[in-house]
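For reference, the chains in residue letters:
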Amino acid sequence: MEKIKTMKEEKKKNAQAPWADLNLSNEKLIKIYRDMLLIRRFEERAAQEYGKGKIGGFCHLYIGQEATGVGAIAPLREDDFIYTAYRDHGQAIARGMSSKGCMAELFGKATGVSKGIGGSMHFYDLSKGFMGGWGIVGGHPPLAAGSAFATKYQGRDSVTICFMGEASTNQGVFHEILNMAMLWKLPIIFICENNGYGMGTAISRAMAGEHLFEKAAGYEMARGAVNGMDVIEMYREMSVAIERARKESLPTFLEARTYRFRGHSMSDPGQYRTKDEIDEYKKRDPIETFGSALKQWNVLSESAIEKLEEEIKAEVQEAVEFADASPQPPIDVLYDHVYA
Ligand SMILES: Cc1ncc(C[n+]2csc(CCOP(=O)(O)OP(=O)(O)O)c2C)c(N)n1
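Each value, and the rule that gives it
Residues numbered from 1 in each chain as written. Predicted model: local features only at pLDDT ≥ 70, side-chain atom pairs only at ≥ 80, totals over all residues. pLDDT = per-residue confidence, 0-100. Contact = placed C-beta atoms within 7 Å. Near = placed C-beta within 6 Å. Nonpolar A, V, L, I, M, F, W, Y, C, P; charged D, E, K, R; others polar. Pairing = 2+ DSSP bridges. Helix = DSSP H or I, 4+ residues; strand = E, 2+ residues; numbered from the N terminus. Right-handed = clockwise from strand over helix to strand, strands pointing away. Expected span 1.5 Å × (residues − 1). Buried ≥ 20, exposed ≤ 12 C-beta atoms within 10 Å, placed from the backbone.

**Some details on the confidence of the model for the chain**
In this model, the chain carries an average pLDDT of 95, and 96% of its residues clear a pLDDT of 70 or more. Considering only residues more than four positions removed or in separate chains, one finds that residues 1-7, a stretch of pLDDT under 50, has one contact.

**Observations concerning the site of the ligand**
Around the ligand, 13 residues are found, and the nearest of them are V137, G165, E166, A167 and G198. Broken down by class, the residue content of the shell around the ligand amounts to five nonpolar, six polar and two charged.

**Digging into the pairing of strand β7 (residues 222-227)**
The pairing of β7 with strand β8 (residues 252-257) spans six bridges and is classified as parallel. Directly across from R223, in β8, lies its bridge partner F253. Each parallel crossover has a hand, and the one from β7 via helix α9 (residues 231-248) to β8 is right-handed.

**Quick look at helix α2 (residues 26-51)**
The end-to-end C-alpha separation of α2 is 38 Å, in line with the 38 Å expected for 26 residues at 1.5 Å each. Among the residues of α2, those classed as buried are L29, I32, Y33, D35, M36, L37, L38, I39, R40, F42, E43 and A46. The inward-facing, buried residues of α2 abut α3 (66-73), α4 (89-94), α5 (99-106), α9, α11 (286-296) and α12 (302-325). Immediately beyond the C-terminal end of α2, within one or two residues, lies G53, with a positive phi of roughly 85°.

Shown next, in the form of structure tokens:
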């Protein structure tokens, strides 16, 4: 007798994979998953090392926001440029910067990606087009626009992407730079990672209006909101924006709605939000959601995921050992790159 299919099986049979309309090989899908998992495990370990006093100063974790960074960076070309704020570890790893160099930077060691004199907020790697890691809220979007202006001026078809937190959109400079980007038709994509809070202040207490992405409407810029907890949706919307920038030399403003599971920084007591709220968002954990989809569509098996976990655990362990064994930067570099 023919087995009666359950609704779930029927759905599974008829529906298409969420990435069916995108030209994504299994290899690329696995790389996207691996990058998200590596960011998560790297940062969990960074938090532990911070607790042991191996990492000092500011340290802002990206945990919860992995899909935004990975989904935005995965469709880029090697000759594209990335600018971001201080919550930069995840985007650096997504861009392929080595976990050893990143961990060593957190440890303040000479082998770090910024030679140990940048720290958590100032990751940098010119060879990857990763232009930082900037600490002043709203300070770096003008630099990113400058990069987009430069590549356009030189006749190259590189694209610049600029991550920023939602709080930076309340700065005056944000509006100045959106105006210029549209006026000069710059090949740039502004990605506003709206995680709902600027330090301990909920966005509703700091920003007039509900639809953040509509701030770009005043400049008649292509704009929209995207589910930043869904790596495939990010990839899809970014692909459209990248095409617009590369082919038409036009900017885009994307509001990625996301959430950070950890505090603003390592010293955040977190009294401005409830555990229930955090738990609610954890149900939408971007890594678990994507992992389940990959299993459902037979891209990865449970045992393949376990193997990836093992590999990543070993990679992070090696990164910590490398960072620990590396030398401090020499004292005479203290005033290098400091302008007065
Ligand atoms: C011009 C400026 N003002 C204040 C600060 C202090 N500050 C550091 S982080 C932060 C909140 C920024 O929130 P958001 O841009 O939404 O990024 P998120 O932390 O959510 O990633 C503030 C006010 C700063 N770094 N720069």
